[in-house]
Amino acid sequence: MNFDKWFHDQDKLIQIILLIIPFVGWVVEILVRWTAWLKKKDVISLVVALIVTFTSWIPIIHWIDAVCVALTNKLLFE
């Protein structure tokens, strides 16, 4: 379960493209957040993973994360 590592190893442009495509962004967000929680096992990662799981069908969340990747090379709350 190294999807988060795989995602962060991709080029910044690829990360942004993966996040802005509606269904793909939903899947990527869920996989990245839950694999990050499996590695860290902290409360913040769990809360963010749960929030993303139940609200990531809203495209604006992926677009915000795409902007965060463009500016800081990290997803929001990571």
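Residues numbered from 1 in each chain as written. Predicted model: local features only at pLDDT ≥ 70, side-chain atom pairs only at ≥ 80, totals over all residues. Heavy atoms only, no water.

Novice: Can you lay out the layout of surface pockets for me, pointing to particular residues and giving the numbers?
Specialist: Approximately 160 Å³ is the volume found for the largest pocket. Counting only elements with at least two residues in the lining of the largest pocket, the list comes to helix 4 (43–55) and helix 5 (59–72). Tallying contributions element by element places helix 4 first for the lining of the largest pocket, with four residues. In terms of residue class, the lining of the largest pocket is built from seven nonpolar, one polar and two charged. (1 Å grid on protein atoms, 1.4 Å probe; cavity = no way out; pocket = protein on both sides within 12 Å on 5 of 7 lines; lining within 4 Å. Points joined across faces, edges and corners; volume = space filled by probe spheres on them. Helix = DSSP H or I, 4+ residues; strand = E, 2+ residues; numbered from the N terminus. Nonpolar A, V, L, I, M, F, W, Y, C, P; charged D, E, K, R; others polar.)

Novice: Hey, could you go over the packing of helix 3 (residues 22–40) against helix 5 for me, with residue numbers and the actual values?
Specialist: Close contact between helix 3 and helix 5 brings their axes to 9 Å; oriented N to C, the two are set at 70°. Here helix 3 lies roughly perpendicular to helix 5, going by the angle between them. Handedness of the crossing formed by helix 3 with helix 5: left-handed. Contact with helix 3, carried on its side by Pro-22, Gly-25, Trp-26, Glu-29 and Arg-33, involves Ile-61, His-62 and Asp-65 of helix 5 and no other residues of that element. (Axes fitted to C-alpha atoms, helices over the stretch in contact; angles between N-to-C directions. Parallel < 35°, antiparallel > 145°, perpendicular 65-115°, else oblique. Left-handed = near helix turned anticlockwise from the far one by under 90°. Contact = heavy atoms within 4.5 Å.)

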